[in-house]
Amino acid sequence: MLTVQNVSFAYNTQPVLKNINFTIEKGQHIALIGASGCGKSTLLKIIYGTLNVKEGELYWDSKKLLGPLFNLVPGEENMKYLSQGFELQPYRNVSENIGQYLSNFEPELKQGRVEELLEIVEMTSFANTKVENLSGGQKQRVALAKALAKRPELLLLDEPFGNIDNFRRSSLRRNLFRYLKRNKITSITATHDKTDILSYTDQTIVIQRGEILTQKDTISLYQNPTDYYIASLFGEVNRIQLSSFTTLDNKDTILVYPHEIKTDPNATIKVRVKNTYFNGNYYLTEAILDNTILFFNHPYKLKAPEMIRITIPDEILKNRHRI
Ligand SMILES: Nc1ncnc2c1ncn2[C@@H]1O[C@H](COP(=O)(O)OP(=O)(O)OP(=O)(O)O)[C@@H](O)[C@H]1O
């Protein structure tokens, strides 16, 4: 189990992380989300042990993590941190990079392990290619394989799929998280991409301006958002005044995602279409209701300033968290 207790941190005088507390059970996959600059990478580096913490303590099970002043080699031995820069050796080939820290005593074992890792990151055909000749996304995949090579107990991933095209991204994510679960490797993934989070993480930790806002299981965090900041990290979201959609005469507001708003010719609420944005299998439609902007998904391109009737399912109106 990873325990982070009362950790605060500043690079200079300005606090970057404030009184951070959480625990993570072994084998769990955690998403770390929050606006750019909120402190995600800093937290990963603190856990890995490359930044010195003066306030607070960290433990892996009962072992205290002492940080860079006490470790001869930077970083905790049982962890790997995959940073946004890749730290690969450009003049060596992909296999050599992946196997760099593996023992040479049993070459066949090493070879087998490198081949297994090449398959996970779908780079088998590049085994003998020099890293300097790879694209950014390919380098990222090699760095990932290298991070996995010595079977870390805790893998810290900083925007791990940032440079990887959509085509590869989905299969890589599936391969990686399946491998991690099967091998009971705990992971923390700092990301801005909701598709990294929703299918692959058990829990999500949300950071806002250096503080933990919540730590919750990912699905319920998404399905019943309690806070506009949190919901907007998953994409577009609407603040809906309940009195606009029900006969309730109160000022309660709920958060509703665009896909949850339906058009219905029999509905009573009319909105004026302002803009539409093509999104593949639907148009994200921007409309105006009582002087406020609202987003909903629609299968066709609606024409501004068309009036259209919309509704929100009763179940959402009844059960969604009031804010
Ligand atoms: N080496 C450094 N020296 C001084 N300030 C730093 C340093 N690294 C980061 N910061 C500052 O600390 C804050 C947190 O940065 P951090 O990189 O942890 O954010 P982040 O949430 O990972 O951002 P992003 O999502 O954009 O990667 C930012 O205000 C950043 O400018």
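Since we're looking at a predicted model, the values are computed, not measured. Residues take numbers from 1 onward in each chain, read along the sequence in its written order. Totals for whole chains, interfaces and linings use all residues, but because this is a predicted model, local features are given only for residues with pLDDT of at least 70 and pairs of side-chain atoms are given and counted only at 80 or more.

### Quick look at the UniProt feature "domain: ABC transporter" (unreviewed entry) in the protein chain
Right, so step 1: UniProt positions are given in the numbering used here, feature names are shortened, and annotations may be inferred rather than shown by experiment. Mapped onto this numbering, the UniProt entry annotates "domain: ABC transporter" (unreviewed entry) at residues 2-234.
Right, so step 2: Within the segment residues 2-234, helix and strand shares are 32% and 25% respectively, and the terminal C-alpha atoms sit 26 Å apart. Secondary structure elements follow DSSP: runs of H or I of four or more residues count as helices, runs of E of two or more count as strands, with numbering from the N terminus.

### As for the pairing of strand β1 (residues 2-10)
Right, so step 1: Here five bridges tie β1 to strand β4 (residues 55-60), and the two strands are oriented antiparallel to one another. Following the sheet pairing, V4 is matched in β4 by L58.
Right, so step 2: Paired strands, as defined in this entry, are two strands with at least two bridges between them according to DSSP. Relative to strand β2 (residues 15-24), β1 runs antiparallel, the two being bridged by six bridges. When the bridges of β2 are listed, F9 appears paired with L17.

### Re the site of the ligand
Right, so step 1: In this entry, near means the residue's backbone-placed C-beta atom lies within 6 Å of the molecule or strand. Close contacts around the ligand come from Y11, N12, V16, G34, S36, G37, C38, G39, K40, S41, T42 and A190, and that covers them all.
Right, so step 2: The element that contributes the greatest number of residues to the shell around the ligand is helix α1 (residues 40-48), accounting for three residues.
Right, so step 3: Each residue receives one of three labels: charged for Asp, Glu, Lys and Arg, nonpolar for Ala, Val, Leu, Ile, Met, Phe, Trp, Tyr, Cys and Pro, and polar for the others, Gly being one of them. Of the residues that constitute the shell around the ligand, the class distribution is four nonpolar, seven polar and one charged.

### Observations regarding the sheet that holds strand β5 (residues 63-64)
Right, so step 1: In space, the four strands of this open sheet follow the order β2-β1-β4-β5, with antiparallel pairing throughout. Of all the strands in the sheet, the pair left with one neighbour each is β2 and β5.

### Regarding the confidence of the model for the protein chain
Right, so step 1: For the protein chain, mean pLDDT is 92; residues scoring 70 or higher make up 100% of the total.
Right, so step 2: If you check the scores for this complex, the pTM reads 0.91 and the ipTM reads 0.98. The predictor attaches a confidence to each residue, called pLDDT, with possible values from 0 through 100.

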